[in-house]
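Chains, contacts and geometry: an overview
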Amino acid sequence: MSGNGDQRLGPGTMTTSGTGARTPPAPLRPGDNGAGLRPVAGRATPQSYYGKPIIAEPVWSWEIPLYFFTGGLGGASAMLAAGADLTGRTTLARRAWLCALAGVGVSPPLLISDLGRPARFLNMLRMVKVTSPMSMGTWLLLGTSGATAAATANNLFGLLGPAGRIAKPVAGALGGMLTTYTAVLISDTAVPVWHEARRELPFLFAASAAASAGAAATLTTPSRHAAPARLLAAGGAAASVGVMQLMEHRLGEVGEPYSKGTPGILGRAAEACAACGAAAVAFGGRRRPAVARAGAGLLLAGAVLERWSVFRAGFASARDPKYTVGPQRARADARAG
Amino acid sequence: MSAAYELATYHSEAKPRMGFFTDTSICIGCKACEVACKEWNEVPEDGLNFTGNSYDNTGGLGADTWRHVAFVEQRLPAAPESGADSFVAAAQRRALIEEQGLDSEQVEGMRWLMASDVCKHCTNAACLEVCPTGALFRTEFGTVVVQEDVCNGCGYCVPACPFGVLDQREDDGRVWKCTLCYDRLKDDQEPACAHACPTKSIQFGPLEELHATADARLKTLQEAGEASARLYGRDESDGVGGFGAFFLLLDEPEVYGLPPDPVVTTRDLGTMWKSAAAAAGLLAAGVAGALIAGGRES
């Protein structure tokens, strides 16, 4: 659509409306009721103001999609570690706790460095605000990090006694929410490709977090102890490809940015990494650890690429006014009857 | 959360909710509002650009643009035989003939829409609801303001606003937007833009009074044949609970670069958190499944 953003208009060369793209020349006649005169069919192309965006593009930079990955890796690893601990898998549990600690450990610096005023990061702790997913996420990350640190200390060195043991299931539970709240964070914006995907995005993030946690544990754990990690990695990757397809299908035209341009390329690369990685992990299994580890590496790359695809799709969706105006106009017209 | 709820937290210090009624049918595109806003609020320069988009070289609202005058040039089909014509459009065409030296055929069906855009000071303000630091708050006048000593530049309000009003000032890191001249309001002064507007296209006052003014103005325009006139943001049942700064427009909102059906996305927070909890539950089930199917440690 649009393409009219560069159209030069002067007072002596007026053309149809600010959009220029309203090809059927039957817009509005003075003295007529606009609603009656303009059939919905005439609005096949959403109107715009010189093709300019309606909403503002996010100002977040590379730290944010990377955090979606590290937070997901950390949270799901805590979950895997808590489960492994509970079922007496000490080798797997130790590795998974370390992966969890690494994931949640690098997350706060990433988030702080993305702030416009990093020195004011403590202002995040001024309030607990339920209407702000970012506020809830801050406390969630704080809780998960604390619990994961305590659980890891207990697992590695037997420190903290009962508190350390209680921290394990707490870290697992909070970690689960840490993997999916980031989807709420971006869904709670006016960006069409994020807000309209509010039902699917948490599942996508959970699936690729499972793949990441499984892959990280596969990479770090001796292969004879890593069977659950391999299953989690392959299962999560398969699920993430499925959810991505379902999401694009359900969103229809609004979901276009996920499959077009740079986000589209990133998304397809993510799916290729997920599919090949899952196959390699499954084929490698216990007997071919090098193959399984290579597959795990691919899965980690795929999880990063997928977050990047979703992130960049948001920018493309915000930039083109048709994604904002189209669905809203349809809604308004439907209401008007 | 809504303006009424948040205003109630001021108890006896709450003031009547104040706002703007921007009547675009009498906007002459002089940009005095843009200038007055910049001067009073010491808003930095926002670029000296030539866009080629009619007389709009400002572009749109942002960190350094708190009032933006839009210029829309339209050529409409010939007026119906009945002769019913908008006096606004007729006056504009007359001006084109007299001032630009065009002949009557060239100006046939032409009209020029001008509109001064501003922060809507929504009843249910997405920016305020998602702000994690509380930098964005509801004033005792029911307006929405960023506390610059609190904002840490997280940027969440930027994509949350359904109108693209807020933005981050690059060299500063914080977000900025219209304050509805909070400082002037506290001294019983009207905002700079409304004060400077020579045609009273920008009217300031208690929101309830503005609603009555706007309703009367809409009726006048419709009776005069301007049937395309409509109020935008007047309806308190819309997706953001109505605007504190609402408009009278002469075409669809999107023609002016405004969203036709804006919603505050936090109203769907329930769905989002439920979905997130379900996904986390499924993840837990997946981990449990992997641990069970993975067999005992050998």
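All of these numbers come straight from a predicted model, not from anything done at the bench.

**Considerations on the overall build of chain B**
Per the secondary structure count, chain B includes nine helices and ten strands. Taken over the C-alpha atoms alone, chain B extends approximately 95 × 45 × 40 Å along its principal axes. Expressed as a percentage of contacts within chain B between residues at least 6 apart in sequence, the contacts between residues at least 24 apart total 65%.

**A look at the overall build of chain A**
Along the backbone of chain A there are twelve helices and zero strands. Start at the N end of chain A and walk to the C end: the helices and strands fall as α-α-α-α-α-α-α-α-α-α-α-α. Across the 337 residues in chain A, those meeting the buried criterion constitute 59%. Counted over contacts in chain A with a minimum sequence separation of 6, partners at least 24 positions apart contribute 73%.

**A few points about the sheet that holds strand β1 (residues 18-23) of chain B**
Residues and elements named next belong to chain B. The mixed open sheet is built from four strands, whose spatial order is β8-β1-β10-β9. One side of each edge strand has no neighbouring strand; the edge strands of this open sheet are β8 (202-206) and β9 (230-232). The sheet shows a mean angle of 20 degrees between the axes of neighbouring strands, taken without regard to direction. In this sheet, β8 lies alongside β1 in antiparallel orientation, the contact comprising five bridges.

**Side note on the nonpolar core**
L80 and L299 of chain A together with C127, C157 and C161 of chain B are the most contacted members of the largest nonpolar core, which has 189 residues in total. Excluding residues within four positions of it along the chain, L299 of chain A makes contact with A211, S212, A215, A233, A237, C273, A274, G277, A278 and V281 of chain A.

**Details of the interface of chain A and chain B**
Listed by partner, the interface residues are 92 residues for chain A and 81 residues for chain B. Broken down by secondary-structure element, the contributors of at least two residues to the side of chain A that touches chain B are α2 (63-86), α4 (133-157), α5 (161-187), α7 (201-220), α8 (227-251) and α12 (321-336) of chain A. If you tally residues by element for the side of chain A that touches chain B, the top one is α5 of chain A, at eight residues. A class-by-class count of the residues in the side of chain A that touches chain B yields 45 nonpolar, 32 polar and 15 charged.

**Points about the pairing of β1 of chain B**
All names here are of chain B. Taken across its six residues, β1 has six buried, putting it largely inside the fold. Neither face of β1 is exposed, since M18, F20 and T22 on one face and G19, F21 and D23 on the opposite face are all buried. The pairing of β1 with strand β10 (residues 245-249) spans four bridges and is parallel. Each residue of the ladder has a partner; that of F21, found in β10, is F246.

**Things to note about the packing of α8 of chain A against helix α9 (residues 269-293) of chain B**
In a pair of packed helices, the angle between the axes and the distance between the axes together describe the arrangement. In contact at an axis separation of 8 Å, α8 of chain A and α9 of chain B are set at 135 degrees when each is read in the N-to-C sense. The angle between the axes of α8 of chain A and α9 of chain B places the two elements in the oblique class. In the crossing of α8 of chain A with α9 of chain B, the sense of the turn from one axis to the other is right-handed. Residues P228, L231, L232, G235 and G236 of chain A of α8 of chain A form the contact with α9 of chain B, whose own contacting residues are G286, V287, A290, L291 and A293 of chain B.

**Points about the confidence of the model for chain B**
When pLDDT is averaged along chain B, the result is 93, and 95% of the positions lie at 70 or above. Here the complex is predicted with pTM 0.90, and the ipTM for its interfaces comes to 0.92.

**Details of the packing of helix α10 (residues 261-284) of chain A against helix α11 (residues 289-319) of chain A**
Residue and element names in this part refer to chain A. As a packed pair, α10 and α11 sit with axes 7 Å apart at the nearest point and diverge in direction by 160 degrees. Taken as axis vectors, α10 and α11 run roughly antiparallel relative to one another. Remark: the crossing between α10 and α11 carries left-handed chirality.

**A short note on unusual backbone geometry**
Residues and elements named next belong to chain B. Unlike most non-glycine residues, D188 shows phi in positive territory, near 60 degrees. Looking at the element boundaries, D188 is found in the loop between α6 (182-186) and α7 (192-196). Take D188: there are 6 C-beta atoms within 10 Å of it, and that puts it in the exposed class. One non-glycine residue, K200, lies in positive phi territory at about 60 degrees. With respect to the helices, strands and loops of the structure, K200 is situated in the loop between α7 and β8. For K200, a count of 11 C-beta atoms within 10 Å gives the class exposed.

**Here's the deal with α10 of chain A**
Residue and element names in this part refer to chain A. Compared with an ideal rise of 1.5 Å per residue, which puts 24 residues at 34 Å, α10 spans 34 Å between its outermost C-alpha atoms and is within 8% of the ideal. Taken together, the buried positions of α10 are P263, L266, G267, A270, C273, A274, G277, A278, A280, V281 and G284. Its buried side turned inward, α10 meets α7, α8, α9 (256-259) and α11. After α10 finishes, the residue G285 shows a positive phi value of roughly 50 degrees.

**Notes on the environment of H195 of chain A**
Mapped onto the elements of the fold, H195 of chain A is located in helix α6 (residues 192-195). When the C-alpha positions of H195 of chain A and R268 of chain A are compared, they lie 22 Å apart, and in sequence the two are 73 residues distant. Setting aside anything within four residues of it in sequence, one finds H195 of chain A in contact with S187, T189 and A190 of chain A together with T265 of chain B.

**Description of the environment of E6 of chain B**
With respect to the helices, strands and loops of the structure, E6 of chain B is situated in helix α1 (residues 3-8). The spacing of E6 of chain B and L218 of chain B is 212 residues in sequence and 30 Å in space, taken between C-alpha atoms.

**Comments concerning the environment of G326 of chain A**
Mapped onto the fold, G326 of chain A is located in helix α12. Residue G326 of chain A is classed as buried on the basis of its C-beta count, with 21 C-beta atoms lying within 10 Å.

**Here's the deal with the confidence of the model for chain A**
Looking at chain A, pLDDT values average 89 and 87% of them are 70 or higher. A low-confidence stretch, residues 1-42 of chain A stays under pLDDT 50, and its non-local contacts, those more than four residues away or across chains, total 93 contacts.

Rules of the game
Residues numbered from 1 in each chain as written. Chains lettered and ligands numbered in written order. Predicted model: local features only at pLDDT ≥ 70, side-chain atom pairs only at ≥ 80, totals over all residues. Helix = DSSP H or I, 4+ residues; strand = E, 2+ residues; numbered from the N terminus. Contact = placed C-beta atoms within 7 Å. Buried ≥ 20, exposed ≤ 12 C-beta atoms within 10 Å, placed from the backbone. Pairing = 2+ DSSP bridges. Axes fitted to C-alpha atoms, helices over the stretch in contact; angles between N-to-C directions. Core = buried A, V, L, I, M, F, W, Y, C linked by C-beta atoms within 7 Å. Nonpolar A, V, L, I, M, F, W, Y, C, P; charged D, E, K, R; others polar. Parallel < 35°, antiparallel > 145°, perpendicular 65-115°, else oblique. Left-handed = near helix turned anticlockwise from the far one by under 90°. pLDDT = per-residue confidence, 0-100. Expected span 1.5 Å × (residues − 1).

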